[in-house]
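Coordinates in review
So the chains spell out like this:
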Amino acid sequence: MRGNIAQLMQQAQRMQENVKKAQDELAKIEVNGSAGAGMVNVTLTGKLECLKVRIDPSVMADPEMVEDLVAAAFNDAVTKANAESEQRMSAATAGLKLPPGMGF
């Protein structure tokens, strides 16, 4: 029984290291979201930090439309970043689903 516990602890340690590595990688990746056929683009890191917002000057005459397009582009980027995060974390945990809020 003692060997099983030691083996489980080693597996948990490896998984924790894999998760940390995946989190570090996510901080470095960039995802792009767009809206309005590319008139607004938002670039986020995999950790959802906004790096850049690009707005085509042609839409600047309509502030409400700009607001809507920025929100849509941001949401598009968040969706992509979350998908990338889920994929990398799934690989890091070997497909083991962790309960919400449980991370390393």
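Residues numbered from 1 in each chain as written. Predicted model: local features only at pLDDT ≥ 70, side-chain atom pairs only at ≥ 80, totals over all residues. Heavy atoms only, no water.

Our next topic: the pairing of strand β2 (residues 40-45). Most of β2 sits inside the fold, with 5 of its 6 residues counted as buried. Bridging between strand β1 (residues 30-35) and β2 involves 6 bridges; their strand directions are antiparallel. The residue of β2 that forms the bridge with Asn32 is Thr43. Counted along the chain from β1 to the antiparallel partner β2, the turn is 4 residues long, and its residue Gly36 has a positive phi close to 65 degrees. Connecting β2 to the antiparallel partner strand β3 (residues 50-55) that follows it, the hairpin turn spans 4 residues, and Leu48 within it adopts a positive phi of roughly 70 degrees. (Buried < 20%, exposed > 50% of the residue type's maximum accessible area, 1.4 Å probe, protein only. Helix = DSSP H or I, 4+ residues; strand = E, 2+ residues; numbered from the N terminus. Pairing = 2+ DSSP bridges.)

Take helix α2 (residues 63-92) next. Compared with the 44 Å implied by 1.5 Å per residue over 30 residues, the 43 Å span of α2 between its first and last C-alpha is a close match. Residues Val66, Leu69, Ala73, Ala77, Val78, Ala81, Ser85 and Ala92 constitute the buried set of α2. In the stretch just after α2, Ala94 is the one whose phi turns positive, near 55 degrees. (Expected span 1.5 Å × (residues − 1).)

When you line up the elements, Glu25 lands in helix α1 (residues 2-28). Measuring from C-alpha to C-alpha, the distance between Glu25 and Arg88 comes to 8.8 Å, with 63 residues separating the pair along the chain.

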